[in-house]
Amino acid sequence: MSLIAVQASAVIDRPRRIRLPRPPIAWIRLVSPLTLVVIWQAASSTGVLPERLLAAPVTVLRTGWELIQDGTLGEAVAVSLQRAVVGFLIGAVVGVGLALAAGLSRAGEYIVDPTMQMLRTLPFYGLIPLFILWFGIGELPKIVLAAFGVAIPLYLNTFAGIRGVDGKLAELARVQRLGRTALIAHIVLPGALPQTLVGLRQSLGVAWLALIVAEQVNADAGLGFLINDAREFLRTDVIVVGLLVYSVLGLLTDALVRLIERRALSWRREFLAQ
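Caption draft 1: Structural view of the overall build of the protein. Check the secondary structure of the protein and you find 12 helices and zero strands. N-terminal to C-terminal, the α/β element order of the protein is α-α-α-α-α-α-α-α-α-α-α-α. The buried share among the 274 residues of the protein stands at 34%. A separation threshold of at least 6 residues defines the contact pool for the protein, and within that pool the share at least 24 residues apart is 74%. Accessible area for the protein stands at about 17800 Å²; split by element, carbon and sulfur atoms hold 67% of it.

Caption draft 2: Up close: the pattern of salt bridges. For the structure on display, the rule yields four salt bridges. We note a salt bridge from R201 to D254, for which the minimum N-O separation is 2.9 Å. On the criterion of sequence distance, the pair formed by R201 in helix 9 (residues 180-214) and D254 in helix 11 (residues 236-264) is long-range, its members being 53 residues apart. Across the salt bridge formed by D237 and R235, the nearest N and O atoms sit 2.9 Å from each other. What you see here is one network of salt bridges that share partners, running through R106, E109 and R163.

Caption draft 3: Main features of the packing of aromatic side chains. Inspection of every chain in the model, using the stated rule, returns five aromatic pairs. An angle of 10° between the planes, with centres 5.8 Å apart, marks the rings of Y155 and F159 as stacked. One end of the pair is Y155 and the other is F159, both in helix 7 (residues 140-163) and four residues apart, which spans about a single turn. Each member of the pair, Y155 together with F159, is buried. Among the aromatic side chains, those forming a connected cluster through ring pairs are F131, W134 and F135.

Caption draft 4: The arrangement of empty space enclosed by the protein in detail. One pass over the structure, following the stated rule, counts one cavity of 30 Å³ or more. The volume enclosed by the largest cavity comes to roughly 70 Å³. Around the largest cavity sit I128, F131, I132, G136, I137, P141, K142, L145, A214, V217 and N218, which together line it. For the lining of the largest cavity, a count of residues per class yields eight nonpolar, two polar and one charged.

Caption draft 5: Structural context of the environment of T46. Within the element layout of this structure, T46 appears in the loop between helix 2 (31-45) and helix 3 (57-69). Take T46: its relative accessible area is 58%, and that puts it in the exposed class.

Caption draft 6: Just the confidence of the model for the protein, in detail. Of all residues in the protein, 81% attain a pLDDT of 70 or more, and the chain-wide mean is 77. Looking across the protein, the model is least confident in helix 1 (residues 3-13), with a mean pLDDT of 44, and most confident in helix 4 (residues 72-103), with 88. Low confidence marks residues 1-15, where pLDDT is under 50. Its contacts with residues over four positions away, or in another chain, come to one contact.

Caption draft 7: Summary view of the packing of helix 4 against helix 11. Put simply, helix 4 and helix 11 touch, their axes get as near as 12 Å, and they point 45° apart. Overall, the two elements helix 4 and helix 11 adopt an arrangement that is oblique. Crossing of helix 4 against helix 11: the hand is right-handed. Two secondary-structure elements touch here, helix 4 through L73, V77, S80 and L81 and helix 11 through V241, V245, Y246 and L249. For the contact of helix 4 with helix 11, the residue count by class is seven nonpolar, one polar and no charged.

Caption draft 8: Looking closely at helix 7. For helix 7, with 24 residues, the first-to-last C-alpha span of 34 Å sits near the 34 Å given by 1.5 Å per residue. Helix 7 sits mainly inside the fold: 19 of its 24 residues count as buried.

Caption draft 9: Quick peek at the side chain of T158. Following the sequence through the fold, T158 ends up in helix 7. Relative accessible area serves as the criterion here: at 3%, T158 is assigned to the buried category. A distance of 2.7 Å separates a polar atom in the side chain of T158 from the backbone oxygen of L154. Those residues within four positions of T158 in sequence are excluded, and the remaining contacts are V96, A99, A192 and T196.

Caption draft 10: Region of interest: the nonpolar core. Counting 21 residues, the largest nonpolar core has L73, L223 and V245 as the members making the most contacts within it. Broken down by element, this core gets its largest block of residues, seven residues, from helix 11.

Caption draft 11: Summary view of the packing of helix 6 (residues 128-135) against helix 7. Direction vectors running N to C along helix 6 and helix 7 enclose 135°, while the axes themselves pass 9 Å from each other. Taken together, the axis directions place helix 6 and helix 7 in an arrangement best described as oblique. In this structure, the crossing between helix 6 and helix 7 has a hand that is right-handed. Facing I128, F131, I132 and F135 of helix 6, the residues of helix 7 in contact are L140, P141, V144 and L145. Of the residues that constitute the contact of helix 6 with helix 7, the class distribution is eight nonpolar, no polar and no charged.

Rules and cut-offs
- In every chain, residue numbers begin from 1 and rise along the written sequence.
- Selection of residues for local features in this predicted model requires a pLDDT of at least 70, selection of side-chain atom pairs for listing and counting requires 80 or more, and totals for whole chains, interfaces and linings are taken over all residues.
- Only hydrogens and water are removed before side-chain values are computed, so all heavy atoms of the structure are retained for them.
- The helix count covers DSSP runs of H or I at least four residues long, the strand count covers runs of E at least two residues long, and both are numbered beginning at the N terminus.
- Relative accessibility thresholds used throughout: buried, under 20% of the residue-type maximum; exposed, over 50%; partly exposed, between the two (1.4 Å probe, protein chains only).
- Whether two residues are in contact is decided by their heavy atoms, any of which lying within 4.5 Å being enough.
- Exposure was quantified through the Shrake-Rupley algorithm and a 1.4 Å probe, taking into account, for residues, occlusion by the shown protein chains and nothing else.
- Think of a salt bridge as a Lys or Arg side-chain nitrogen and an Asp or Glu carboxyl oxygen that are within 4 Å of each other.
- Here a Phe, Tyr or Trp ring, Trp counted by its six-membered ring, pairs with any other such ring whose centre lies within 6.5 Å, and the pair is stacked when the planes are under 30 degrees apart, edge-to-face when over 60, and tilted otherwise.
- Whether a set of points on the 1 Å grid over the protein atoms alone is a cavity depends on a 1.4 Å probe fitting there but being unable to get out, while an open set qualifies as a pocket with protein on both sides within 12 Å along at least five of seven lines; lining residues are those with an atom within 4 Å of a point.
- Grid points are joined across faces, edges and corners, and a volume is the space filled by probe spheres set on the points.
- Three classes are used: nonpolar for Ala, Val, Leu, Ile, Met, Phe, Trp, Tyr, Cys and Pro, charged for Asp, Glu, Lys and Arg, and polar for all others, with Gly counted as polar.
- pLDDT expresses, on a scale from 0 to 100, how confident the predictor is about each individual residue.
- Each axis is a line fitted through C-alpha atoms, taken for helices only over the stretch in contact, and angles between the N-to-C directions span 0 to 180 degrees.
- Angles are sorted into four bins: roughly parallel if under 35 degrees, roughly antiparallel if over 145, roughly perpendicular if 65 to 115, and oblique for all others.
- Crossing handedness: left-handed means the near helix sits turned counterclockwise from the far one by under a right angle, and right-handed means the same turn made clockwise.
- Helix span, as expected, comes to 1.5 Å for every residue beyond the first.
- We call two N or O atoms a polar contact when they sit within 3.5 Å, provided that within protein one can donate a hydrogen and the other can accept it, with sequence-adjacent residues counted only if both atoms are side-chain atoms.
- To qualify as a nonpolar core, a set must consist of buried Ala, Val, Leu, Ile, Met, Phe, Trp, Tyr and Cys residues joined through side-chain atoms within 4.5 Å.

Right, dumping it as structure tokens:
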């Protein structure tokens, strides 16, 4: 067979690469939100949407800038961030710690998991009256509610991640004569990390939702207090500003976790690319 024939045969036998469609340009994702804002402004300008029901986007932007200039918004954001960070840290330690206790030990599972499965079905917003009775009306019930909201999804995902680690890896560890500590550090925890990060994203979202409710109950500072105070004076522009800030903070924390996920799980992309 000639060299040309061999080369032609190789070209024919070579599998064709499947060309995936290019992802859409990023700015296209902004079309629908901008369209919604334009419709909102048009409805407000024509009187279809009264100011007392919902302030116009231009009014919201003007009010937000005024709140930034006089320091009101910055102070409220600082107070809410402090509560969210403290509640998240407490909830993360409790959630991950209980997941490790339940996931790494059969006895721990029997002790911890039934209680956590019961707690996850509770409407934790309904716990606010109890928390007020137990912890008073200060900062503690707000932080405890945020921590509760963080601990449950983080526990569930971390526990599922630990129990979802491939059993063949444990057999490999026994062949390599790894001790229990090395097994947990080098196989179990890295294997559970993707699911734990999913729980982290969920828990951050729940933490902000819990904080919105908690800050509107007997609060004297924070974004929730700002929104509740605006409600008393029918200031829909201030209410929308507060809600938008909550949304931005939620998106920023979610983006931070996604960045951590890309860095921590870079090995997985390299593995799948092979």
